[in-house]
Structure formats: C-alpha cells, structure tokens
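Structural overview
Chain residues, written in single-letter form:
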Amino acid sequence: MHLGPSRLVMVLVGLTLLGALIFLMPWRQPEHVIVERPTPSLLIAIRDMSKLETAEVHVEKVVDLTDRQSSFFGLVETKDAILLVAVGRAVVGVDLGKMRDEDVTLDGATGTARINLPEPEVLSARLDEDATYVFARSTDLLARRNEQLEASARRQAQRAIEAAARTPDVTQRARNQAEKQLTALAKALGAKQVEVTFGAVNR
C-alpha cells in the first residue's frame, strides 16, 4: 500500500507521539516502597548484658543461737551459745538469659520496642567475711561444745540477707532501675518508644 508524503508524515508523527506517551505513562515510573525489617539487634544487645544488676542491699544481722543440752536423764540442763554479728550484701536484678525471642519486639512502623522481662530475683547474696565476727561464745561447764553452731549461725545470717533482698520495696526498686536501663538501651538502638513489662505468661 502506497502512502503519500502527507500521510507518511502523519503516521510518523503519530508513532512519535504514541512512543512519547508510552514512555511517560505512570507505569513506567517504578514505585518505591521501603520496608524496614526489625533486626534482632535489640535482643542480642539485651542478651549480651547477661544479668542486669539493678539493686543492692546491705544487711547487718545479729544471730543469737543456743544449743540446749540435757544429761543425766534430764536432771542437768546445759547450753552452748553463740552470738554472731553478720554483715553482708545481696544483689538483686534480672536474669536476661531467661528471656525468649518473643519477649522483645520492635514495631518498625511506630518505632515502639516492647520488652517483657522476668521478675527481679536475688542474683547473689554473701557474707562479708572481714566484717562478720563472733561477738560472744559461751559453753557451760558440763555442756558439749557444738562445733557446727557457728556454721548454723552463718547459714541463718545468709538466709536473712536473702530475705531482706526479696522485700517488695527492693523488688520495686529493681524493676524501676531495669526499666530505666533497658529503655535507654533500646532508644540508643533506634527505638522511639519503649514499653517494659515484667513476668511473661507461660514462661
């Protein structure tokens, strides 16, 4: 089919316009959608801390123990007694090794980090051997000296230190400090808001 010069020019112009239109159509421009995948950086940073020490308790305890003894069919009663002045300390905190992967989440859309921590516990409790001493030790004339009495007094002092570290006031202080420290850590790693809770369900 033969096209005249005018028709040929029109066809060329039409093809040029069509090509330009196709080139400029919106589908030619790629849409950019940036998807942020939350990384485990926050969880790794928390686990690297292992055990978070958040409160310390200093305890002084006087332990008065008496071993009452009887002999000669109960006719003679004697005693072996000790008075121990015990000084010790306990550290309360959070064992971060108990955390599960789902205990730390980061919402990429809102920048909110949610951290669910185990309840604070006594991480360590010990007597200060340099400051702990036997104030008095007395054994009656007919009594048998109980060589385990001092060890028993020290065990009782140890239990007293642990009990002092488990009071509601100390536990709350430990929670507050743990929340403060982990909030600072999460924000340093990019979180905009941080929600900290304690005591995961079905742990």
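Bear in mind that the values here come from a model prediction, so they are computed numbers and not experimental data.

Take the sheet that holds strand β7 (residues 193-198) next. Whether parallel or antiparallel, the strands of a sheet pair through hydrogen bonds between backbone atoms. Strand order in this open sheet of three strands is β3-β4-β7, and the pairing throughout is mixed. If you trace the sheet from one side to the other, it starts and ends with β3 (104-107) and β7, each paired once. With direction set aside, neighbouring strand axes in the sheet form an average angle of 15°. Summarising the sheet, β3 and strand β4 (residues 112-117) pair through four bridges and their orientation is antiparallel. Bridge pairing in β4 links Asp 107 to Thr 112. Taken strand by strand, helix α4 (residues 168-188) contacts β4 and β7, and its axis lies near 145° from that of β7.

Its location among the elements puts Arg 154 in helix α3 (residues 149-165). By relative accessible area, which is 21% here, Arg 154 ends up partly exposed. Along the sequence, Arg 154 and Val 85 sit 69 residues apart, while their C-alpha atoms lie 9.3 Å from each other.

Relative to the helices and strands, Thr 78 is located in strand β2 (residues 76-95). If near-sequence neighbours (up to four positions away) are discounted, Thr 78 is found in contact with Asp 67, Arg 68, Gln 69, Asp 140, Leu 142 and Ala 143.

Cut-offs applied
- Within any chain, residue numbers begin from 1 and follow the written order of that chain's sequence.
- Only residues with pLDDT of 70 or above have their local features reported here, since the model is predicted, and side-chain atom pairs are shown and tallied only from 80 upward, although totals for entire chains, interfaces and linings are computed over all residues.
- Working from all heavy atoms in the structure, the side-chain values ignore hydrogens and water.
- Two strands are said to pair when DSSP picks up at least two bridges between them.
- We count a stretch as a helix when DSSP gives it H or I for four or more residues in a row; a strand needs E for two or more, and each element gets its number in order from the N terminus.
- In this analysis an axis means a line fitted to C-alpha atoms, helices contributing only their contacting stretch, and an angle means the value between N-to-C directions, from 0 to 180 degrees.
- Any two residues having at least one pair of non-hydrogen atoms within 4.5 Å are treated as being in contact.
- Whether a residue is buried, partly exposed or exposed follows from its accessible area with a 1.4 Å probe, protein chains only, as a fraction of its type maximum: under 20%, in between, or over 50%, in that order.

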